[in-house]
Amino acid sequence: MKQPEDRPKDFYKKCPLQLTSVLSSRNDKAELHVKSKIKSHGKVIKNASVRVSLLDETGRNLKQFVTETGALAAGKEVIINSKGSIRDPKLWSAETPYLYTVNVELLDEQGKVTEATTQQYGFRIEEVK
């Protein structure tokens, strides 16, 4: 995804992204949790929102969810928590390292993308034996 030309050079420091997930006990459902720190570097944005898209390894959109941020004042930061779930996730392991693509976009009041980032994510089971 192309980034805006006037995007701050320290975007990843100013707008960190945390991805976590919860798997059902039968591993047939995965819930993706996205925590975004959003800062308006320009004008006030009324009715901003964060759009998260989860894509499989072929680029097919499996799930898209939008979380409203409310108004963003110039220079102010907010933390937005979003979540969405998918059925029958392919699990990541050392033997089968399946990664999904997570696109996160900040939308202004007209639905125009003002900032975007992409991150790879693997749903996995953590066990201590």
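Thoughts on unusual backbone geometry
Trans is the common state for peptide bonds, and a negative phi is the common state for residues other than glycine.
No. 1: The phi torsion at N27 lies on the positive side, around 60°, for a residue other than glycine.
No. 2: Secondary-structure assignment places N27 in the loop between β1 (17-23) and β2 (29-39).
No. 3: Although it is not a glycine, D88 adopts a positive phi angle of roughly 50°.
No. 4: Relative to the helices and strands, D88 is located in the loop between β5 (77-87) and β6 (100-107).
No. 5: Taking the relative accessible area as the measure of exposure, D88 reaches 56% and is therefore exposed.

Regarding the environment of S53
No. 1: Tracing the sequence through the fold places S53 in strand β3 (residues 45-55).
No. 2: When the C-alpha atoms of S53 and K63 are compared, they prove to be 5.8 Å apart, with 10 residues separating the residues in sequence.
No. 3: Excluding residues within four positions of it along the chain, S53 makes contact with N61, K63, Q64, T101, V102 and N103.

Brief notes about the pairing of β6
No. 1: Judged by how many residues are buried, β6 sits mostly within the fold: eight of eight residues are covered.
No. 2: Taking every second residue as pointing to the same face, both faces of β6 are buried, with Y100, V102, V104 and L106 on one and T101, N103, E105 and L107 on the other.
No. 3: Both β3 and β6 contribute to a ladder of seven bridges, which runs antiparallel. By the bridge assignment for β6, S53 is matched with N103.
No. 4: In the sheet, β6 pairs with strand β7 (residues 113-121) via eight bridges, with the strands oriented antiparallel. Bridging across to β7, T101 finds its partner in Q120.
No. 5: Two successive antiparallel strands, β6 and β7, enclose a turn made up of five residues, where G111 displays a positive phi of approximately 85°.

Rules and cut-offs
- Residues numbered from 1 in each chain as written.
- Predicted model: local features only at pLDDT ≥ 70, side-chain atom pairs only at ≥ 80, totals over all residues.
- Heavy atoms only, no water.
- Helix = DSSP H or I, 4+ residues; strand = E, 2+ residues; numbered from the N terminus.
- Buried < 20%, exposed > 50% of the residue type's maximum accessible area, 1.4 Å probe, protein only.
- Contact = heavy atoms within 4.5 Å.
- Pairing = 2+ DSSP bridges.

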